[in-house]
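Architecture at a glance
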Amino acid sequence: MNIQKNVSLKEFNTLRLDAVASHYVKVQSKQVLTEALAYAKTQHLNVLILSGGSNMLLPQNIHALVMHMEIQGIEFLSEDDHTQTLKVGAGQVWHDFVLWTTTQKLYGLQNLALIPGLVGAAPVQNIGAYGVEAGEFIESVEVYDRQQQQFKLIDAEDCDFSYRHSIFKDEPNRYVIVGVIFKLLKQADLKINYGDLKTAMQDDLSAENLQKQVIHIRQSKLPDPQEFPNVGSFFKNPIISKDQLSQLIVEFPNIPHYPQANEQVKIAAGWLIDQTGWKGKKLNQVGMFEKQALVLVNYADATLQDIQATYRAVQQDVYNKFNVLLEPEPVLFNTLGLIQSHLGK
């Protein structure tokens, strides 16, 4: 185990916020994980789990042990006539894993191509795109339970998967994800209900083409984090009641909306932001991307305070116009490495 001091995390978060960790360690095995947790306990340090850095907002200084998850590997576990079950290390790059599944003729994740981050972060947010969520194909999640001080498997039905949510968000300081067990299909069952995706597919209804078109669409709409530092979609699509939607439709008949369970409706956050004039607009060095209003971009050397000033201004304008409060997707950390609410000042 190699604990480093005063390490810049600028290269490890896709918004390229220049945060400095007082303590930092690369975790490439379960043994290093348990050793690092023991070290943090003896040094009275909080632990911040760093995955691909594509869903986090970091302050300039973090007094904590930042554990950078790099556990690798793909292991075939079992199969039947219709499915293949495999375990994937938390440190595998998500997009690379999706591409690999397609080459192996394993299906289900193609809609989730080009989503930034690592495999270990996928269950936390229950990442999703184009009508598919990762939780649909997760059988269980391998974790280290800091409360029980042991490694264990949590079955998918106990992960509480829902829209951008899981048990791992409810108890962020309890579980450290070390691997994810997926059950993938041997025969493709294409989800192409989204308009632009269905149109792009044309007559080639193959999983390979589905993946290709998802990548093409995302590249055409979303900025490359290497060129325009961002975390992808910055706000969640709000889920509201049918009654609230009915009220909105009176004034905004073209509002994009999608039926959900329990008499609720999902509305498009990007459309709401666009209607308030924020698409392509900047506040100092931070703004909403010109091709996709849902993406917040760090155009220069922005600080966390700069990011917050912009997304709070966007929230306020959307709320004033639609009476809908947008909720940020990325997790906000404080100077002690703990998650804090976006509602705080």
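Within each chain, residues carry numbers counting from 1 in the order of the written sequence. Local features in this predicted model are restricted to residues of pLDDT 70 or higher, and side-chain atom pairs are both shown and tallied only at a pLDDT of 80 or more, whereas totals for entire chains, interfaces and linings draw on every residue. Hydrogens are left out, water is left out, and the side-chain values use all remaining heavy atoms of the structure.

**Thoughts on the UniProt feature "domain: FAD-binding PCMH-type" (unreviewed entry) in the chain**
Put simply, the rule is: UniProt positions are given in the numbering used here, feature names are shortened, and annotations may be inferred rather than shown by experiment. Here a helix means four or more residues in a row that DSSP labels H or I, a strand means two or more in a row labelled E, and each is numbered from the N terminus.
Mapped onto the present numbering, the UniProt feature "domain: FAD-binding PCMH-type" (unreviewed entry) falls on residues 17–187. In residues 17–187, the share of helix is 18% and the share of strand is 38%. The end C-alpha atoms are 42 Å apart.

**A look at the domain arrangement of the chain**
The condition is simple: What marks off one domain from the next here is an automatic or database domain assignment. Buried surface area refers to the total accessible area, computed with a probe of radius 1.4 Å, that the two partners give up upon joining, counted for both partners together.
Looking at the assigned domains, one finds that the chain contains domain 1 (4–68), domain 2 (74–189) and domain 3 (230–332). The straight-line distance from the C-alpha centre of domain 1 to that of domain 3 is 30 Å. When domain 1 packs against domain 3, close to 1,100 Å² is buried across both sides, 57% of that on carbon and sulfur atoms. Looking at the side of domain 1 facing domain 3, the largest losses of area belong to Leu-15, Asn-55 and Leu-57, adding up to 56% of the total buried there.

**Remarks on unusual backbone geometry**
Leave glycine aside and you will find that most residues have negative phi; peptide bonds, for their part, are mostly trans. The test is simple: Three exposure classes are used, based on accessible area relative to the maximum for each residue type with a 1.4 Å probe and protein chains only: buried under 20%, partly exposed in between, and exposed over 50%.
With a phi close to 45°, Asn-126 is a non-glycine residue in the positive phi region. Judged by relative accessible area, Asn-126 falls into the buried class, the value being 1%. Positive phi outside glycine occurs at Asp-160, with the angle close to 55°. Turning to its location among the elements, Asp-160 is positioned in the loop between β11 (150–155) and α4 (167–170).

**Re the UniProt feature "active site" (unreviewed entry) in the chain**
Under the convention used in this document: Residue contacts follow a heavy-atom distance rule, with two residues in contact if any of their heavy atoms lie within 4.5 Å. Here a polar contact means two N or O atoms within 3.5 Å. Within protein one must be a hydrogen donor candidate and the other an acceptor candidate, and residues neighboring in sequence count only if both atoms are side-chain atoms.
Mapped onto the present numbering, the UniProt feature "active site" (unreviewed entry) falls at Arg-164, Ser-233 and Glu-329. Despite a sequence span of 166 residues, these residues sit close together in the fold, their greatest C-alpha distance being 11.6 Å. Looking at where Arg-164 falls in the secondary structure, it is placed in the loop between β11 and α4. The class of Arg-164 is buried, set by a relative accessible area of 12%. For Arg-164, the contacting residues outside a window of four places in its chain are Gln-125, Asn-126, Ile-127, Gly-128, Lys-169, Lys-236 and Glu-329. What makes Glu-329 buried here is its relative accessible area of 10%. With sequence-adjacent residues up to four places away left out, Glu-329 is seen in contact with Asn-55, Gln-125, Arg-164, Ser-233, Phe-234, Phe-235 and Lys-236. For Glu-329, the side chain forms a polar contact with the side chain of Arg-164, separated by 3.5 Å.

**Remarks on empty space enclosed by the protein**
Defined as follows: Put plainly, a pocket is an open set of points on a 1 Å grid over the protein atoms alone with protein on both sides within 12 Å along at least five of seven lines, a cavity is a set where a 1.4 Å probe fits but cannot get out, and a lining residue has an atom within 4 Å of a point. Grid points are joined across faces, edges and corners, and a volume is the space filled by probe spheres set on the points. Three residue categories are used. Nonpolar comprises Ala, Val, Leu, Ile, Met, Phe, Trp, Tyr, Cys and Pro, charged comprises Asp, Glu, Lys and Arg, and polar comprises the others, including Gly.
The tally for this structure, following the rule as stated, stands at 1 cavity of 30 Å³ or more. Roughly 70 Å³ of internal volume is contained in the largest cavity. Contributing to the lining of the largest cavity are Tyr-107, Gly-108, Gln-110, Asn-111, Val-132, Phe-137, Ala-188, Asp-189, Leu-190, Lys-191 and Leu-210. The class makeup of the residues in the lining of the largest cavity is 6 nonpolar, 3 polar and 2 charged.

**Some thoughts on the nonpolar core**
Rule in force here: In this text, buried Ala, Val, Leu, Ile, Met, Phe, Trp, Tyr and Cys residues form a nonpolar core when linked through side-chain atoms within 4.5 Å.
Counting residues in hydrophobic clusters, the biggest one holds 37 residues, and the most contacted among them are Trp-94, Phe-97, Leu-109, Leu-112, Phe-168, Phe-182 and Leu-197. For this core, the secondary structure elements donating two or more residues are β7 (83–89), α2 (94–103), β10 (138–145), α4, β12 (175–185), α5 (195–201) and α6 (207–221). When residues of this core are assigned to their parent elements, the largest contribution, 5 residues, is made by β12. With 34 residues, the next largest nonpolar core counts Leu-15, Ile-240, Ile-307 and Leu-332 among its residues.

**Brief notes about the packing of aromatic side chains**
Which entries qualify depends on this criterion: Between the rings of Phe, Tyr and Trp (Trp by its six-membered ring), a pair exists once the centres lie within 6.5 Å; its type follows the angle of the planes, with under 30 degrees stacked, over 60 edge-to-face, and the other angles tilted. Charge-over-ring placement is defined geometrically: NZ (Lys) or CZ (Arg) within 6 Å of the ring centre, and within 35 degrees of the ring normal.
Using the criterion set out here, one finds 14 aromatic pairs in the structure. Where Phe-228 meets Tyr-299, the ring centres are 6.1 Å apart and the plane angle is 75°; that geometry is what we call edge-to-face. Placement of Phe-228 in the loop between α6 and β13 (230–233) and of Tyr-299 in the loop between β19 (295–298) and α9 (304–322) is noted, with a sequence separation of 71 residues between them. A relative accessible area of 25% places Phe-228 in the partly exposed class. Cluster of aromatic residues (ring-pair linked, three or more members): Phe-76, Trp-94, Phe-97, Trp-100 and Phe-182. Just above the ring of Trp-278 sits the side chain of Lys-281; from NZ or CZ to the centre is 4.4 Å. The side chain of Lys-282 reaches across the aromatic face of Tyr-299, ending 4.2 Å from its centre.

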